[in-house]
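# Observations on the model geometry
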Amino acid sequence: MQIVLILFFVSLAGIALMIGRKLIIPKDELVEPLNDFFFEIPDSKDVRIIAVKNLKRYGFIALVITIRLYVRTLNLIKDKSNKLYNKTYKIITRNKFEKSSGHKEVSKFLKKVSEYKQKISKIKHQIVEEERNQS
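Computed from a predicted model, the values in this text were never measured in an experiment.

So, about the overall build of the protein chain. Counting its secondary structure elements, the protein chain contains three helices and zero strands. N-terminal to C-terminal, the α/β element order of the protein chain is α-α-α. Counting all 135 residues of the protein chain, 0% fall into the buried class. Total accessible area on the protein chain is roughly 14300 Å²; 65% of this is exposed by carbon and sulfur atoms.

Our next topic: the packing of aromatic side chains. Applying the stated criterion across every chain yields a total of two aromatic pairs. Between Phe8 and Phe9 the ring centres are 5.3 Å apart and the planes differ by 70 degrees, which places this aromatic pair in the edge-to-face class. Here the aromatic rings of Tyr85 and Tyr89 are separated by 6.2 Å at their centres, their planes lie at 20 degrees, and the arrangement is stacked. Of this pair, Tyr85 and Tyr89 both sit in helix α2 (residues 44–100), four residues apart, which is roughly one turn of that helix.

A surface patch of nonpolar side chains, about 1100 Å² in accessible area, is lined by Tyr58, Phe60, Ile61, Leu63, Val64, Ile65, Ile67, Leu69, Tyr70, Val71 and Leu74. For Ile65, the position within the fold is in helix α2.

Definitions and cut-offs
- Residues numbered from 1 in each chain as written.
- Predicted model: local features only at pLDDT ≥ 70, side-chain atom pairs only at ≥ 80, totals over all residues.
- Heavy atoms only, no water.
- Helix = DSSP H or I, 4+ residues; strand = E, 2+ residues; numbered from the N terminus.
- Buried < 20%, exposed > 50% of the residue type's maximum accessible area, 1.4 Å probe, protein only.
- Areas by Shrake-Rupley, 256 points an atom, 1.4 Å probe, with all protein chains shown as cover.
- Phe/Tyr/Trp six-rings, centres within 6.5 Å; stacked < 30°, edge-to-face > 60°.
- Patch = residues over 30% accessible without salt bridge, like charges linked within 9 Å, V, L, I, M, F, W, Y side chains within 5 Å.
- Salt bridge = Lys/Arg side-chain N within 4 Å of Asp/Glu carboxyl O.

Structure (structure tokens):
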């Protein structure tokens, strides 16, 4: 707010100065326009060179800011999506576990087959050990 007020009063003073210079009437009653300026206006080539230099610099700064925003936004989206995926995965696994908590009884046939496989693997292991001991 202070900057706006400062700019307002500076521009008001500038307008008053311009109007005041036009209204000054010399003693001879001859009014001549004042052509002297407080500052010099540079050539158009100099202005163009300065403008191109500043445009390149500000363009580079804008490019860097845009790339940083892109990377930060991408990382933010990635983190949020990973958190959301982990939460949904936990909920899904919890629901599966709750559904499977009503433990169903395995059929007797499958039990006998699995016991048979275990016995065969034990016998194979014993045979391999006996052959090693004999050699």
